[in-house]
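Structural overview for review
So you can see what is in the structure, the chains are spelled out below.
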Amino acid sequence: MDYRSARNTASALTWVAAAAFFIAVSYFASEGFGLLGSGIVATVVFFLAFTLRRGAFSRIDDRLYKGVFNRGSTRLLARFTERI
C-alpha cells in the first residue's frame, strides 16, 4: 500500500472512530437534559471528537510518512526535495 492510500484509509478510519465516539457519548451524556441541554452537550462533544480526531490523524500521518519516506533512495530523494 502506497502512502496516499494508507493516508486515506487512516483518515477514513479516524472519521469512523470519531463518529462512533460522538454518537455514543452524546447519546448517553445528553439523557435527561432536554432539547437545549442536549444541543449544548452535542456541540461540546462534537468539538471534542473533532479535536481528538485531528490529533490522532496527525500522529498516524506522521508515522506513515516516516515509515514510507525513511527508506533507502526514497529517503535521500525526500530529504533533497524538502530542502528545496
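A brief look at the structure comes next. Remember, predicted model here, so these are calculated numbers, not experimental data.

A look at the overall build of the protein chain
Broken down by element type, the protein chain carries 3 helices and 0 strands. Walking the protein chain from its N terminus toward its C terminus, one meets helices and strands in the order α-α-α. Relative to the globule expectation of 12 Å for 84 residues, the C-alpha radius of gyration of the protein chain, 19 Å, shows a markedly less compact shape. Taking the principal axes of the C-alpha coordinates as reference, the protein chain spans close to 60 × 25 × 10 Å.

Some words on the packing of aromatic side chains
Taken as a whole and assessed by the stated rule, the structure comprises 6 aromatic pairs. Between phenylalanine 22 and phenylalanine 46 the ring centres are 6.2 Å apart and the planes differ by 85°, which places this aromatic pair in the edge-to-face class. Placement of phenylalanine 22 in helix 1 (residues 3-29) and of phenylalanine 46 in helix 2 (residues 34-69) is noted, with a sequence separation of 24 residues between them. With centroids separated by 5.7 Å and ring planes inclined at 65°, the aromatic side chains of phenylalanine 46 and phenylalanine 47 adopt a geometry described as edge-to-face.

Quick word on the packing of helix 2 against helix 3 (residues 72-83)
It is the contact of helix 2 with helix 3, at a shortest axis distance of 8 Å, that shows an interaxial angle of 120°. Residues Tyr65, Val68 and Phe69 of helix 2 touch helix 3, and the partners they reach there are Thr74, Arg75, Ala78 and Glu82.

Reading the values: the criteria
- Residues numbered from 1 in each chain as written.
- Predicted model: local features only at pLDDT ≥ 70, side-chain atom pairs only at ≥ 80, totals over all residues.
- Heavy atoms only, no water.
- Helix = DSSP H or I, 4+ residues; strand = E, 2+ residues; numbered from the N terminus.
- Rg over C-alpha atoms; globule rule 2.2 N^0.38 Å.
- Phe/Tyr/Trp six-rings, centres within 6.5 Å; stacked < 30°, edge-to-face > 60°.
- Axes fitted to C-alpha atoms, helices over the stretch in contact; angles between N-to-C directions.
- Contact = heavy atoms within 4.5 Å.

That is the geometry; function is a separate question.
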